[in-house]
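Residue-level structural notes
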Amino acid sequence: DTGKGIWSVAISSNGEYIAVSNRGNKIFQFNKNDNSPIWTNTTGGWIVSVAVSADGEYVVAGGMDNTVYFFLPLCIQEHELDDIFKRTVEILEKI
């Protein structure tokens, strides 16, 4: 349950992960086999667009306040914070 309805949805190209923003400031990531979110984040403003990487490793969201949010939800579940920082740097270097 997203609480306020759905504003934006994105599905990873492998079909395993779904990113959703509600009609407010929350972002959710679901696995295709489960109704409960595997990850949730509250942002500083309304999210109008979400995207998820092909493997579901990262989620990007655009806010109405002209902010772009970048998340590594699967890394948070599987790695220590030091690993998350290293992976974030690797991804940003590719952009």
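Now for a description of the structure that goes with this document.

Thresholds applied
Residues numbered from 1 in each chain as written. Predicted model: local features only at pLDDT ≥ 70, side-chain atom pairs only at ≥ 80, totals over all residues. Heavy atoms only, no water. Pairing = 2+ DSSP bridges. Helix = DSSP H or I, 4+ residues; strand = E, 2+ residues; numbered from the N terminus. Axes fitted to C-alpha atoms, helices over the stretch in contact; angles between N-to-C directions. Core = buried A, V, L, I, M, F, W, Y, C linked by side-chain atoms within 4.5 Å. Buried < 20%, exposed > 50% of the residue type's maximum accessible area, 1.4 Å probe, protein only. Contact = heavy atoms within 4.5 Å.

Before going further, it helps to spend a moment on the sheet that holds strand β3 (residues 26-31). Strand order in the open sheet formed by four strands is β1-β2-β3-β4, with antiparallel pairing between adjacent strands. Each end of this open sheet is capped by a strand with a single partner; those strands are β1 (6-11) and β4 (39-42). In this sheet, adjacent strand axes meet at a mean angle of 15 degrees when their direction is disregarded. Examined bridge by bridge, β1 and strand β2 (residues 17-22) share five bridges and lie antiparallel to one another.

Our next topic: the nonpolar core. Core analysis: the biggest nonpolar cluster contains 11 residues, these being Ala-10, Ala-19, Ile-27, Trp-39, Ile-47, Val-50, Val-52, Val-59, Ala-61, Tyr-69 and Phe-71. Listed by contribution, the elements that provide at least two residues to this core are β5 (47-52), β6 (59-63) and β7 (68-71). Of all the elements, β5 adds the most residues to this core, at three residues. When sequence neighbours within four positions are dropped, the list of residues in contact with Tyr-69 reads Thr-43, Gly-44, Gly-45, Ile-47, Val-59, Val-60 and Ala-61.

That's the geometry; what it means functionally is another story.
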